[in-house]
Amino acid sequence: MSLFQIINFKQIADERGSLVVLEQHKAVPFAIKRVYYCTGLDPAFQRGFHAHHQLQQLAVCVTGRCVMVFDNGQQREEILMDSQDKGVLIPPMIWHEMKDFSPDCVFLVLASDFYDEADYIRDYAQFRQLVGH
Ligand code: TYD
């Protein structure tokens, strides 16, 4: 079974362009408390390298592309994020990394809670221990 749960969004497109709507408890399977986005991403650097105890997130590459890596402590998997109508759920206790950003990449994240550094697990060995490996 894939580590990635992909959510396909409805895209409302006409000759003026495209519109994608993300609503809590609809396309987004949780209540949204925080939104953040990353731009100007340098492909020489990777991001992420953490898991969360509780936080649920939904990531979308709104423009451009990048690669997300998920790791459950046993298995690693990669997905190409290159579509504004596709979201990837980042559940709690999944180690995640982001890499191979295109220069135009806009990486949007919807989160179920406010920023709290105490919810982060930033040490991979500790993560492995917590998931029982
Ligand atoms: P960091 O966790 O390194 O980002 P990434 O997951 O993309 O690798 O976060 C970068 C900095 O921004 C770090 O000092 C924490 C801070 N930050 C906030 O203050 N609020 C937030 O909502 C987020 C996501 C990060």
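Whatever comes next refers back to the structure up there.
Let me begin by describing the structure that accompanies this report. Along every chain, residues carry numbers that run from 1 in the direction the sequence is written. In keeping with the model being predicted, local features are shown solely for residues with a pLDDT of at least 70 and side-chain atom pairs are shown and tallied solely at 80 or more, while totals for entire chains, interfaces and linings include all residues. Calculated side-chain values reflect all of the structure's heavy atoms, with hydrogen atoms and water omitted.

This next bit is on the packing of aromatic side chains. Each aromatic ring pair is summarised here by two numbers: the centre-to-centre distance and the angle between the ring planes. Within 6.5 Å between ring centres, the rings of Phe, Tyr and Trp (the latter by its six-membered ring) count as paired, and their orientation is classed by plane angle as stacked under 30 degrees, edge-to-face over 60, tilted in between. Within this structure, the stated rule accounts for 5 aromatic pairs. Here W95 and F127 contribute two aromatic rings whose centre-to-centre distance is 5.7 Å and whose plane-to-plane angle is 40 degrees, an arrangement assigned as tilted. Of this pair, W95 sits in strand β10 (residues 95-99) while F127 sits in helix α1 (residues 124-130), placing them 32 residues apart in sequence. Overall, W95 belongs to the buried group, its relative accessible area being 3%. For every residue, the accessible area (1.4 Å probe, protein chains only) is compared with the maximum for its type, and the residue is labelled buried under 20%, exposed over 50%, or partly exposed between those bounds. F127 sits in the buried class, given a relative accessible area of 0%. Ring centres of Y115 and Y120 lie 5.8 Å apart, and the angle between their planes is 65 degrees; on these two criteria the pair is classed as edge-to-face. Assessed through its relative accessible area of 16%, Y120 is described here as buried. An aromatic cluster is defined as three or more aromatic residues linked by ring pairs; in this entry it consists of W95, Y124 and F127. Here a helix means four or more residues in a row that DSSP labels H or I, a strand means two or more in a row labelled E, and each is numbered from the N terminus.

Another aspect to go through is the sheet that holds strand β12 (residues 120-121). Strands are treated as partners if at least two bridges between them are detected by DSSP. Taken in spatial order, the 5 strands line up as β8-β7-β10-β5-β12 in an open sheet, and their pairing is antiparallel. The open sheet has two edge strands, β8 (76-81) and β12, and neither has a second partner. Across 5 bridges, the pairing between strand β7 (residues 66-71) and β10 is antiparallel. The residue of β10 that forms the bridge with V67 is K99.

If you check the shell around the ligand, you find R34, Y36, R47, G48, H50, Y115, Y120 and R122 and nothing else. A distance of 2.7 Å separates an oxygen atom of the ligand from a polar atom in the side chain of R47. For the purposes of these results, a polar contact is taken to be a pair of N or O atoms within 3.5 Å, where, inside protein, one atom must be able to donate a hydrogen and its partner to accept one; residues adjacent in sequence count only when each atom of the pair is a side-chain atom. With respect to the ligand, the side chain of R122 contributes an N or O atom lying 2.9 Å from an oxygen atom. Using the Shrake-Rupley algorithm and a 1.4 Å probe, accessible areas are obtained, with residue cover drawn only from the displayed protein chains. Contact with the protein chains covers 60% of the free accessible surface of the ligand, which is 530 Å². Among the secondary structure elements, those contributing two or more residues to the shell around the ligand are β4 (34-38) and β5 (47-52). Element by element, the count of residues in the shell around the ligand is highest for β5, at 3 residues. Residues are grouped as follows: Ala, Val, Leu, Ile, Met, Phe, Trp, Tyr, Cys and Pro are nonpolar; Asp, Glu, Lys and Arg are charged; all remaining types, including Gly, are polar. Taken together, the residues that form the shell around the ligand break down as 3 nonpolar, 2 polar and 3 charged. Proximity is defined per residue: any heavy atom of the residue falling within 4 Å of a molecule or strand makes that residue near it.

Attention shifts here to the nonpolar core. Grouping buried Ala, Val, Leu, Ile, Met, Phe, Trp, Tyr and Cys residues that are joined through side-chain atoms within 4.5 Å yields what is termed a nonpolar core. Residues M68, F70, M81 and F107 are the most contacted members of the largest nonpolar core, which totals 19 residues. At the level of elements, β6 (57-63), β7, β8, β9 (86-90) and β11 (106-111) are the ones that each hand at least two residues to this core. Of the residues forming this core, the biggest block, 3 residues, is contributed by β7. Setting aside residues up to four positions removed in sequence, M68 forms contacts with F4, A59, E77, E78, I79, M81, V88, I90, E97, M98 and F107. Counting 9 residues, the second largest nonpolar core, distinct from the first, contains F9, V28, V60 and L110. Pairs of residues are marked as contacts when any of their non-hydrogen atoms sit within 4.5 Å.

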